[in-house]
Each structure stands twice: as C-alpha cells, then as structure tokens.
Amino acid sequence: MLTDMSTSRPGATAGAPASGRRNHDDAPHTAEQFARLAELDDGPERDALRDELVTAWLPMAHRIAGRFRDRGESVEDLRQVAALGLVKAIDRFDPSRGAFESYAVPTITGEVKRHFRDRMWALRVPRRVQELRNRVRVARRELTQHPGSPEPTVAAIASHTGLTEEEVTAGLEALESFSTLSLDAELSTGDDGYSLADTLGETDTSYDVVVDREAAKEGLRRLPERERAILYMRFFEDMTQSRIADRLGISQMHVSRLISRSCARVRDEVLGSRHPGADRR
C-alpha cells in the first residue's frame with residue numbers, strides 16, 4: 001500500500017492530509033468533487049466537473065487496461081474501453097457509499113472483460129464456455145506460479161477449481177480457440193507446402209450412389225425376368241432400345257414402355273419402404 005504525499009496531482013483536493021493512504025498512487029483526492037457533482041443538475045458546470053474527474057482518474061483506468069495487454073487487443077483500444085468504464089463509474093457513483101476507487105476498479109475491470117467476451121472472440125461461443133476458460137486460465141496460473149512447477153493435469157485443475165474434469169477439458173479447449181485460423185494458412189514450407197484447406201475432407205457423392213443401389217436392389221429382384229433383362233441391357237450394357245427390341249423380337253415402343261414401367265415400380269417400392277404410410281402401386 002502506497003502513501004500519497006503529493007498535493008499537486010490532477011484532481012487533488014487542496015488541504016488534503018499528507019498522511020492520507022492510497023491503494024495506488026494514481027488514486028487522487030477527489031471526495032469533495034464527487035460530493036459537489038452529486039449536488040449539481042445537468043448543465044455546463046456539471047459537465048466541466050465530470051470532465052475534471054475523468055482526467056484525474058484516467059491514469060488508473062489506463063493501469064487497469066494494462067493488465068489485459070498481450071491478449072490479442074491493442075493497448076490503445078483497451079485504454080479506450082477502460083476510459084468508457086471510468087465514465088460509467090463516475091456517472092453511477094454514490095459518494096455516500098464509500099471510496100470511489102473501490103467502486104471504479106471492478107466497474108472498469110468488468111467493462112474490459114465484457115469487451116473481450118463480446119468483441120474479441122472470432123466465433124461466438126456460449127458465455128458458460130467463456131467463463132470456464134477464464135477459471136481454467138486463472139487456475140493454471142495459480143498452480144504454476146512457483147518456478148519449476150509442472151504443467152497441472154486436468155485432475156489437478158478440477159480439484160483446484162471445483163469443476164468436473166469434463167468442464168476443465170472444455171475450458172482448456174476454449175483456451176486454444178480464442179481466434180480462428182484461415183483456411184488459406186500455410187501448414188508447411190517449401191515447394192510441397194499445403195494449406196489448412198488442403199487437409200479438409202469433402203463429401204463423397206459415391207455414398208449416395210451406394211445408398212440408392214442398395215435401396216433399389218430388393219425392388220429389382222421382384223421384377224419379372226424379362227423386365228430385369230431389359231434394364232440390365234439398357235443401363236449396364238448401354239444398349240439402345242432398338243437393339244434390345246431386335247434381340248427380344250418386340251417393338252422399340254414396347255421396350256420403352258417396359259423400361260418406364262419397371263423404373264416406376266422400383267422407385268415406388270423404394271419410396272414406400274422409406275415412408276411406410278405411403279400408398280404402393
């Protein structure tokens with residue numbers, strides 16, 4: 001705890017006792033200004049006093065923002081968010097409830113945390129998962145704070161936090177999922193380099209063909225032998241209807257009708273088996 005011996009910082013109250021103790025040296029003496037702010041109605045005088053308080057407490061807001069550096073957001077943007085939290089704290093502060101710093105610190109910290117929660121995730125994830133991530137991250141830091149401490153196991157983190165091992169696992173996965181990786185990201189170097197997109201599989205349309213063949217197999221078995229032969233010659237031997245007609249000694253028009261009727265019968269049986277309530281021909 002630091003002792004504030006300065007009387008010249010912005011926002012310091014004239015005549016404040018030199019022995020007054022402060023949690024931080026960026027916490028100015030502004031009790032009188034807050035008391036006066038609470039009595040003023042909206043207007044230029046209140047706005048000017050509010051701006052004076054913001055200027056006086058801005059170094060503390062910047063200090064809080066600095067705690068969140070190196071997390072993927074620029075320090076300048078973090079300071080802007082913290083300053084917004086400071087303004088909210090000043091507007092909502094009730095001087096009769098205690099010291100401003102005790103109210104402002106959690107207010108500003110909460111504003112910065114909300115910024116990370118709502119704006120910094122590349123993909124929107126449930127708030128519960130974000131909270132698990134934060135609890136796991138804090139637990140890992142606490143369990144490895146001594147030099148030479150081994151990486152904590154899932155069981156150790158669960159015991160430390162009171163979470164289940166499944167929740168810890170979800171939190172650990174979220175630790176690695178704060179940002180996304182482009183599908184065009186190179187995964188190797190050199191002439192044979194490939195991107196993440198090259199490692200992703202694609203839907204094989206042949207699976208649909210297999211499903212359709214298996215579904216039609218039973219219906220084909222039920223067809224009369226001549227109809228089965230005609231379908232085989234047409235679709236497997238790629239014979240024209242005229243050649244099939246010549247081989248069987250019937251007209252090409254008759255072959256066409258038999259093919260259409262056989263295909264319709266098989267199709268109706270397949271659809272009827274997938275939808276038991278459907279009418280069959």
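Residues numbered from 1 in each chain as written. Predicted model: local features only at pLDDT ≥ 70, side-chain atom pairs only at ≥ 80, totals over all residues. Heavy atoms only, no water.

Engineer: Help me out: how do you make sense of the packing of aromatic side chains in this one?
Structural biologist: How two aromatic rings sit relative to each other is given by the distance of their centres and the angle of their planes. Under the counting rule described, the total for this entry stands at six aromatic pairs. When the ring of Trp 57 is compared with that of Phe 100, the centres are 4.8 Å apart and the planes differ by 65 degrees; the resulting orientation is edge-to-face. In this pair, Trp 57 is assigned in helix H2 (residues 44–66) and Phe 100 in helix H4 (residues 100–119), connecting sequence segments 43 residues apart. With a relative accessible area of 5%, Phe 100 lands in the buried category. Summarising the aromatic geometry, the rings of Phe 93 and Phe 100 are spaced 5.1 Å apart at their centres and angled 80 degrees between planes, so their arrangement reads as edge-to-face. Taking relative accessible area as the criterion, Phe 93 reaches 12% and is therefore assigned buried. Ring pairing ties together the aromatic residues Phe 34, Trp 57, Phe 93, Phe 100 and Tyr 103, which thus form one cluster. The positively charged end of Arg 234 is found above the aromatic ring belonging to Phe 235, 5.8 Å away from the centroid. (Phe/Tyr/Trp six-rings, centres within 6.5 Å; stacked < 30°, edge-to-face > 60°. Helix = DSSP H or I, 4+ residues; strand = E, 2+ residues; numbered from the N terminus. Buried < 20%, exposed > 50% of the residue type's maximum accessible area, 1.4 Å probe, protein only. Lys NZ or Arg CZ within 6 Å of the ring centre and 35° of its normal.)

Engineer: Sorry if this is basic, but what is going on with the pattern of salt bridges here?
Structural biologist: Once the charged atoms of two side chains with opposite charge are near each other, the side chains can pair. Considering all chains together, one arrives at twelve salt bridges under this definition. Across the pair Arg 222 and Glu 269 runs a salt bridge, and its minimum N-O distance is 2.7 Å. Here Glu 269 lies in helix H11 (residues 252–274) and Arg 222 lies in helix H8 (residues 206–222), a separation of 47 residues in the sequence. What makes Arg 222 partly exposed here is its relative accessible area of 44%. On the accessibility criterion, Glu 269 (18% relative accessible area) is buried. (Salt bridge = Lys/Arg side-chain N within 4 Å of Asp/Glu carboxyl O.)

Engineer: Whenever I open this one, a negative patch on the surface confuses me. Can you help?
Structural biologist: Taken together, the side chains of Asp 41, Asp 42, Asp 47 and Asp 51 present a region of like negative charge at the surface. Residue class for Asp 47 comes out partly exposed when judged on its relative accessible area of 41%. (Patch = residues over 30% accessible without salt bridge, like charges linked within 9 Å, V, L, I, M, F, W, Y side chains within 5 Å. Areas by Shrake-Rupley, 256 points an atom, 1.4 Å probe, with all protein chains shown as cover. Lys, Arg positive; Asp, Glu negative; His and termini not counted. Charge placed at Lys NZ, Arg CZ, Asp CG, Glu CD.)

Engineer: Looking at this model, I keep getting lost on the layout of surface pockets. Mind explaining?
Structural biologist: Empty space among the atoms can be located by rolling a probe the size of a water molecule over them. If you add up the space inside the largest pocket, you get close to 590 Å³. Asp 212, Ala 216, Leu 220, Leu 231 and Val 266 are, among the 17 residues lining the largest pocket, the residues nearest its centre. At the level of secondary structure, the elements contributing two or more residues to the lining of the largest pocket comprise H8, helix H9 (225–235) and H11. For the lining of the largest pocket, the per-class residue count stands at eleven nonpolar, no polar and six charged. (1 Å grid on protein atoms, 1.4 Å probe; cavity = no way out; pocket = protein on both sides within 12 Å on 5 of 7 lines; lining within 4 Å. Points joined across faces, edges and corners; volume = space filled by probe spheres on them. Nonpolar A, V, L, I, M, F, W, Y, C, P; charged D, E, K, R; others polar.)

Engineer: Any chance you could explain the packing of H9 against helix H10 (residues 241–248) here in plain terms?
Structural biologist: Between two packed helices, what matters for the description is the angle formed by their axes and the separation of those axes. Where H9 meets H10, the closest approach of the two axes is 10 Å, and the angle between their N-to-C directions is 140 degrees. Relative to H10, the element H9 is oriented oblique. For the pair H9 and H10, the crossing hand works out as right-handed. Between H9, through Arg 226, Ile 230, Met 233 and Arg 234, and H10, the contact on the second element is made entirely by Gln 241, Ile 244, Arg 247 and Leu 248. In terms of residue class, the contact of H9 with H10 is made up of four nonpolar, one polar and three charged. (Axes fitted to C-alpha atoms, helices over the stretch in contact; angles between N-to-C directions. Parallel < 35°, antiparallel > 145°, perpendicular 65-115°, else oblique. Left-handed = near helix turned anticlockwise from the far one by under 90°. Contact = heavy atoms within 4.5 Å.)

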